[in-house]
Amino acid sequence: MKAIVATRYGSPEVFRLEEIPSPVPADDEILVRVRATTVSAAHSMMRQGRPLVGRLFTGLRRPRQAVPSTEFAGRVEAVGPAVTSFSPGDEVFGETGIRAGCAAEYVCVREGGALSIMPFNLSATAAAAIVDGGSTSLYFLRDKAKLRPGHRVLINGASGSVGTAAVQLARHLGADVTGVCSAANLDLVRALGADDVIDYTAEDFTEGDRRYDIVFDTVGKSSFARCRRILEAGGVYLTTVPSFAIYPQMLLTSRIGDKRAVIAAAGLRRDEEKTQGLIMLKGLLEEKLIIPVVDRTYPLAQIAEAHRYVDTGRKKGSVVLTVEES
Ligand SMILES: NC(=O)c1ccc[n+]([C@@H]2O[C@H](COP(=O)([O-])OP(=O)(O)OC[C@H]3O[C@@H](n4cnc5c(N)ncnc54)[C@H](OP(=O)(O)O)[C@@H]3O)[C@@H](O)[C@H]2O)c1
């Protein structure tokens, strides 16, 4: 099969399109014909092997998994003899986590892995696009922040992959949502359902008078120290991006004070939990209560281009790689 391969960390030029053996499903595995995968900010960090601590998961000196990308949407091509819940021909979407392997014509996934039947009304491109942002936002807002109807929620980085999903999910869960983005993305974030928008190039949201029950920084551009004053008593500050300060702050605020700091890693959850999230997203997508935001699509062979674009830090929603039938 055709696959993208990287055997060292580095710039987007590490990727090569190669012919490699197709994976063969084990007894409890599903062979998926990948139609779309993504390039995300997290994939860029995995490509670079940064931060270095991430290499504990991805390989110390070189990538442990040569084929990159962690989300997929496609068709079940074959199943192992012990598989009962999926059949050849099913359209599925999901994620492979640190096993990666999705930037290829085929990937094998355990039946109990993080996957679900695809929303009937989405293309593979749109389905792949929502997996990372949707799962991550659901986990942070519903499970970590315990968002309740009526909560005031601020989403920083509202135009990114996690942010565009977070704005919509927070709205769906009944919050009053403020989205923070640059001027160019204000209309997009409003259209996704934000009640209020703040242009971060013109206004520092940490200096304002408004108070929030939840501040979710999806791009790690703020800090708990700066956001503490805009949190209500009992409020939660969440970030997706690790920093030296956030771990001791999380420990301390879990014991002292009435404002909490939280960092979490959606990718390290159990597969069963991820699957439950995907099933919930499927329902919301089919009812058009949320929509995927696709910025650009590239053919698989142009993965380096896609990474270069993601590296600008300016993408809106998701960047998708399409895998053509050969
Ligand atoms: N912890 C976890 O479980 C987890 C899960 C998923 C992702 N992540 C991490 O979360 C981060 C975000 O991922 P992503 O895919 O959503 O990122 P992304 O889509 O690449 O983010 C790009 C967006 O960020 C906006 N942005 C850039 N600087 C900003 C600023 N100072 N203030 C507000 N918005 C700004 C950009 O808008 P402008 O062009 O308008 O500036 C752009 O639309 C990554 O570091 C990723 O590794 C963590």
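Residues numbered from 1 in each chain as written. Predicted model: local features only at pLDDT ≥ 70, side-chain atom pairs only at ≥ 80, totals over all residues. Heavy atoms only, no water.

**Student:** Talk me through the site of the ligand; I want residue IDs and the actual numbers.
**Tutor:** Around the ligand, a shell composed of 27 residues is seen, among which Ser 182, Tyr 200, Ala 266, Arg 314 and Lys 315 lie nearest. When isolated, the ligand has an accessible area of 940 Å², and the protein chains bury 88% of it. Counting residues per element, the ones that place at least two in the shell around the ligand are helix H1 (41-48), helix H3 (124-144) and helix H4 (161-172). Here the shell around the ligand is composed, by residue class, of 11 nonpolar, 12 polar and 4 charged. Counting only domains with at least three residues in the shell around the ligand, you end up with domain 1 (2-130 + 292-322) and domain 2 (131-267). (Near = heavy atom within 4 Å. Areas by Shrake-Rupley, 256 points an atom, 1.4 Å probe, with all protein chains shown as cover. Helix = DSSP H or I, 4+ residues; strand = E, 2+ residues; numbered from the N terminus. Nonpolar A, V, L, I, M, F, W, Y, C, P; charged D, E, K, R; others polar. Domains from an automatic or database assignment.)

**Student:** Break down H3 for me, with residues and values.
**Tutor:** When the terminal C-alpha atoms of H3 are compared, their 29 Å separation across 21 residues agrees well with the 30 Å that a helix rising 1.5 Å per residue should span. The largest bend in H3 comes to about 40 degrees, at Val 131. Extensive coverage of H3 is indicated by the burial of 17 of its 21 residues. Looking at the residues trailing H3, positive phi occurs at Lys 146, about 50 degrees. (Expected span 1.5 Å × (residues − 1). Bend = angle between axes of the 7 residues up to and from the residue. Buried < 20%, exposed > 50% of the residue type's maximum accessible area, 1.4 Å probe, protein only.)

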